[in-house]
Amino acid sequence: MGCQNVSALSISKALPIKPSQADEVALVHQITDLKRLFDDTFASDFNTRLVKGDDEPIYLPANTGEGKLPAQPFAQVVFAHGFYASALHEIAHWCLAGEQRRTQVDYGYWYCPDGRTAEEQQKFQSVEIKPQAIEWALSLAAGFRFQVSCDNLSGDEFGQQPDRLAFEKQILDQIKVYLDNGYPPRAQLFIECLAAFYNQSPYDELKRLVT
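Residues numbered from 1 in each chain as written. Predicted model: local features only at pLDDT ≥ 70, side-chain atom pairs only at ≥ 80, totals over all residues. Heavy atoms only, no water.

Draft legend 1. How the structure looks around the pattern of salt bridges. This model, assessed by the stated rule, comprises 4 salt bridges. Across the pair Arg 208 and Glu 205 runs a salt bridge whose closest N-O atoms are separated by 2.9 Å. Of this pair, Arg 208 and Glu 205 both sit in helix α9 (residues 202-210), 3 residues apart, which is roughly one turn of the helix. (Salt bridge = Lys/Arg side-chain N within 4 Å of Asp/Glu carboxyl O. Helix = DSSP H or I, 4+ residues; strand = E, 2+ residues; numbered from the N terminus.)

In structure tokens form, the structure reads like this:
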């Protein structure tokens, strides 16, 4: 299992030439490591793999080729442009999605793009609270910087921007609920997997955030 390998942090410290801080972050957080950890953890039991995409992120269920989708023997969590943050975000959505949702493209949700109205933004954020609460924990487990994303840079037609601080508080409130009651099983499993690989203590940090 990938979680049992020597941590990437230990590997980086063994290099003969000390990289810059930016280079060290890039060195530690390798997509190849994340893909291997995810696939080693979930491919066998859930027939799902993490896939680097060239465009927008998407979830694709396994398909026999009988429908409109091309045949593919396993489900794909496709993240955008090889970005580590995008991968963690898409993993968070997958960890939350139930069995029926995982049989549908993008879990059966319709994505409203950037430029949403205030009402559309409110609906968008309401379904992003739990995934971002999971993503925050995954990020801490990987020693990776997390940023709350309202994903609406353009604002609505009146130029109004979403209240990021209020949204962040909603996510922190959800984190407290998860700490009290437990994260969803797949999320908790992968949080612990990342924490072991990157030698992090995410639950200590999460408790600090909500106190």
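Moving on from the model shown.
Draft legend 2. Expanded view of the packing of aromatic side chains. The tally for this structure, following the rule as stated, stands at 12 aromatic pairs. Between the aromatic rings of Phe 42 and Phe 190, the centroid separation amounts to 5.7 Å while the plane-to-plane angle is 50°, which identifies the pairing as tilted. Of the two residues, Phe 42 is situated in helix α3 (residues 31-46) and Phe 190 in helix α8 (residues 185-198); the sequence distance between them amounts to 148 residues. Taking relative accessible area as the criterion, Phe 42 reaches 0% and is therefore assigned buried. In textbook terms, an aromatic cluster arises when at least three aromatic residues are bridged by ring pairs, as seen for Phe 38, Phe 42, Phe 46, Trp 94 and Phe 190. The positively charged end of Arg 101 is found above the aromatic ring belonging to Tyr 109, 4.1 Å away from the centroid. Lying over the aromatic face of Trp 94, Arg 186 brings its terminal NZ or CZ to 4.5 Å of the ring centre. (Phe/Tyr/Trp six-rings, centres within 6.5 Å; stacked < 30°, edge-to-face > 60°. Buried < 20%, exposed > 50% of the residue type's maximum accessible area, 1.4 Å probe, protein only. Lys NZ or Arg CZ within 6 Å of the ring centre and 35° of its normal.)

Draft legend 3. A look at α8. The end-to-end C-alpha separation of α8 is 20 Å, in line with the 20 Å expected for 14 residues at 1.5 Å each. Looking only at α8, the buried set comprises Arg 186, Ala 187, Phe 190, Ile 191, Cys 193, Leu 194, Ala 195, Phe 197 and Tyr 198. (Expected span 1.5 Å × (residues − 1).)

Draft legend 4. Structural context of the confidence of the model for the protein chain. Per-residue pLDDT for the protein chain averages 82, and the proportion of residues at 70 or more is 74%. Across residues 4-24, where pLDDT falls below 50, the model places 19 contacts with residues more than four positions away in sequence or in other chains. Here residues 152-160 is modelled with pLDDT under 50, and outside its nearest four sequence neighbours on either side it reaches 22 contacts, counting other chains as well. (pLDDT = per-residue confidence, 0-100. Contact = heavy atoms within 4.5 Å.)

Draft legend 5. View of the side chain of His 29. Summarising the element assignment, His 29 is placed in the loop between α2 (21-28) and α3. On the basis of relative accessible area, His 29 is assigned to the buried category, the value being 11%. A polar side-chain atom of His 29 sits 2.7 Å from the main-chain carbonyl oxygen of Ala 142. A polar contact is formed between the side chain of His 29 and the backbone oxygen of Gly 143, at a distance of 3.4 Å. Once you skip the residues sitting within four places of it in the chain, His 29 turns out to touch Tyr 84, Ala 142, Gly 143, Phe 144 and Tyr 198. (Polar contact = N/O pair within 3.5 Å; in protein donor to acceptor, adjacent residues only side chain to side chain.)

Draft legend 6. Local environment of the packing of helix α4 (residues 84-96) against helix α6 (residues 129-142). Across the interface, α4 lies against α6 with an axial gap of 8 Å and an inter-helix angle of 125°. What the angle tells us is that α4 and α6 run oblique. You can see that α4 and α6 cross each other, and the crossing is right-handed. Residue-level inspection shows Tyr 84, Ala 85, Leu 88, His 89, Ile 91, Ala 92, His 93 and Leu 96 of α4 in contact with α6, the latter providing Lys 130, Pro 131, Gln 132, Ile 134, Glu 135, Leu 138, Ser 139 and Ala 142. The class makeup of the residues in the contact of α4 with α6 is 10 nonpolar, 4 polar and 2 charged. (Axes fitted to C-alpha atoms, helices over the stretch in contact; angles between N-to-C directions. Parallel < 35°, antiparallel > 145°, perpendicular 65-115°, else oblique. Left-handed = near helix turned anticlockwise from the far one by under 90°. Nonpolar A, V, L, I, M, F, W, Y, C, P; charged D, E, K, R; others polar.)

Draft legend 7. Region of interest: the pairing of strand β3 (residues 75-79). Of all 5 residues in β3, 5 are buried; the element is thus mostly enclosed. The alternating pattern of β3 places Ala 75, Val 77 and Phe 79 and Gln 76 and Val 78 on opposite faces, both of which are buried. Where strand β1 (residues 48-52) meets β3, 5 bridges bridge the pair, whose relative direction is parallel. Looking at the pairing, Val 51 lines up with Val 78 of β3. With 3 bridges joining them, strand β2 (residues 58-60) and β3 adopt antiparallel strand pairing. Directly across from Tyr 59, in β3, lies its bridge partner Val 77. (Pairing = 2+ DSSP bridges.)

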